[in-house]
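# A closer look at the structure
Okay, here's what each chain looks like letter by letter:
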There are 2 protein chains.
Amino acid sequence: METLKNKITQEGKVLSDTVLKVDAFLNHQIDAELMLEIGEEFAKRFKDAGITKILTLESSGIAPSVMTALKMGVPTVFARKRKSLTLIDHLYSAEVRSYTKQETNEISISKEYISSNDTVLVIDDFLANGQAALGLMDIVSQAGATLAGFGIVIEKGFQEGGDELRKRGIRIESLANIASLTDGEVMFKEEVAR
Amino acid sequence: METLKNKITQEGKVLSDTVLKVDAFLNHQIDAELMLEIGEEFAKRFKDAGITKILTLESSGIAPSVMTALKMGVPTVFARKRKSLTLIDHLYSAEVRSYTKQETNEISISKEYISSNDTVLVIDDFLANGQAALGLMDIVSQAGATLAGFGIVIEKGFQEGGDELRKRGIRIESLANIASLTDGEVMFKEEVAR
């Protein structure tokens, strides 16, 4: 998605060979018009997938998810993060290890808002090593729902998460796929022509 | 706002005389179409206020804020919550006491995304005792920015936060103002005709 790639090039900050900061428009300050375009793009890509629900993770997943939900005419639910694993009856929960923050969070969704009748599109801001994605898949599976695939705003294509999921036959749609952040420069993978 | 009040009546759950749960459309699952209407309403009410930035608090403030930002054509920034007060140079921080969760969080905004040139609209999902509102005001003040007022989705009008802020001359626009939750029933305050 060209507008997104231009925004990353212009306003993203490469902090190291593995860390890209997009606090200017996605993770702290939010460009709502860009989020709407992102929502339109995900809605277009998944329009024939029979999506009934969009699942995401607080907090940075919420803005792109709510715009996708608006464009697809379905509800979105955000998983909450907590420090400790507390088993609660009315929740589906999974553990997610964050390598950047060196901590493990529990993520959870109320059983009321995801069911075996749902076909779920998971949206997230980043896909890197895939730990959050696995946690969200675990929740979809616990609910007996169908996973249609992942809509990712920025994939760190130089980390293994995306390709490991693709190898398992899972559909991943990344709007910007980063090949490398070497020497402070963002290089994108070539997009497959649509 | 009638659509919102109907939604609260139909899908809100009164858990006690002080607790209203709106996980079905605002705090966990999100009704994106309703959020867009909320954004339109805030944009209409504050259209002459010269707003340059919308400030909110993760996570439940993000959806209404991003829709208001879309309708007003300005960026939104969400304050992050953390458990401990860690003084960091590039952040404006404030403490917020949560009475429901019995804990104190630090909320913070990067100094990059709010400045003395900004006229700020603060958006939040709930206004009850006003602790979060005071924390957000503190941050606006630290930045030397101008506070235009608060856009609140649901005010608990039977708690003191809203009226204490109004007494200080602060503009509060609440889209639904709850007079009481007694006997499991949601009673709204009468809206002033516009």
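Residues numbered from 1 in each chain as written. Chains lettered and ligands numbered in written order. Predicted model: local features only at pLDDT ≥ 70, side-chain atom pairs only at ≥ 80, totals over all residues. Heavy atoms only, no water.

Glancing now at the interface of chain B and chain A. Across the contact, 32 residues belong to chain B and 32 residues belong to chain A. For the pair chain B and chain A, the two sides together bury roughly 2700 Å², of which 59% comes from carbon and sulfur. The largest share of the area that chain B buries against chain A comes from B:His28, B:Gln29 and B:Tyr113, three residues that together contribute 25% of it. Linking chain B to chain A there are 2 salt bridges. The partner of A:Lys13 in a salt bridge is B:Glu112, with the nearest N and O atoms 2.8 Å apart. Along the contact surface separating chain B from chain A lie 17 residue pairs in polar contact (both at pLDDT 80 or more). (Contact = heavy atoms within 4.5 Å. Buried area = accessible area lost by both parts, 1.4 Å probe. Salt bridge = Lys/Arg side-chain N within 4 Å of Asp/Glu carboxyl O. Polar contact = N/O pair within 3.5 Å; in protein donor to acceptor, adjacent residues only side chain to side chain.)

All names here are of chain A. Taken across its 9 residues, strand S8 (residues 119-127) has 9 buried, putting it largely inside the fold. Pairing of strand S4 (residues 53-57) with S8 involves 3 bridges; the strand directions are parallel. Among the inter-strand pairings, Ile54 is bridged to a residue of S8, identified as Leu121. Pairing analysis gives 8 bridges linking S8 to strand S9 (residues 146-156), with the strands arranged parallel. Among the inter-strand pairings, Phe126 is bridged to a residue of S9, identified as Ile154. (Buried < 20%, exposed > 50% of the residue type's maximum accessible area, 1.4 Å probe, protein only. Helix = DSSP H or I, 4+ residues; strand = E, 2+ residues; numbered from the N terminus. Pairing = 2+ DSSP bridges.)

This paragraph deals with the side chain of B:Thr68. Residues and elements named next belong to chain B. Residue placement: Thr68 occurs in helix H3 (residues 62-72). Residue Thr68 is classed as buried on the basis of its relative accessible area of 0%. Thr68 has contacts with Gly39, Phe42, Ala43, Ile54, Leu121 and Ile123, leaving out every residue within four places of it along the chain.

Residue and element names in this part refer to chain A. A rise of 1.5 Å per residue sets the reference length of helix H2 (residues 32-45), with its 14 residues, at 20 Å; its end C-alpha atoms lie 20 Å apart and thus fit the reference within 8%. Most of H2 is tucked away, with 10 of its 14 residues classed as buried. Residue Asp31 occupies the N-cap position of H2, its side-chain oxygen lying 3.2 Å from the main-chain nitrogen of Glu33. (Expected span 1.5 Å × (residues − 1).)

In most cases, non-glycine residues show a negative phi, while peptide bonds are predominantly trans. Residue and element names in this part refer to chain A. Cis geometry is found at the peptide bond from Glu58 to Ser59, where omega equals -10°. Within the fold, Ser59 resides in the loop between S4 and helix H3 (62-72). Positive phi outside glycine occurs at Asp183, with the angle close to 55°. Examined against the element boundaries, Asp183 turns out to sit in the loop between strand S10 (172-180) and strand S11 (187-188).

This part takes up the UniProt feature "binding site: xanthine" (unreviewed entry) in chain A. All names here are of chain A. The UniProt record annotates "binding site: xanthine" (unreviewed entry) at Leu20, Asn27 and Lys156. Mapped onto the elements of the fold, Leu20 is located in strand S2 (residues 20-21). Once residues within four sequence positions are removed from consideration, Leu20 is found in contact with Ile8, Gly12, Lys13, Val14, Phe126, Ile154, Lys156, Ile178, Leu181 and Val186. On the secondary structure map, Asn27 appears in the loop between S2 and strand S3 (29-30). On the basis of relative accessibility, which here comes to 9%, the residue Asn27 falls in the buried class. Reaching out from Asn27, the side chain makes a polar contact with the side chain of Ser60 at a distance of 3.1 Å. (UniProt positions renumbered as here; feature names shortened; annotations may be inferred.)

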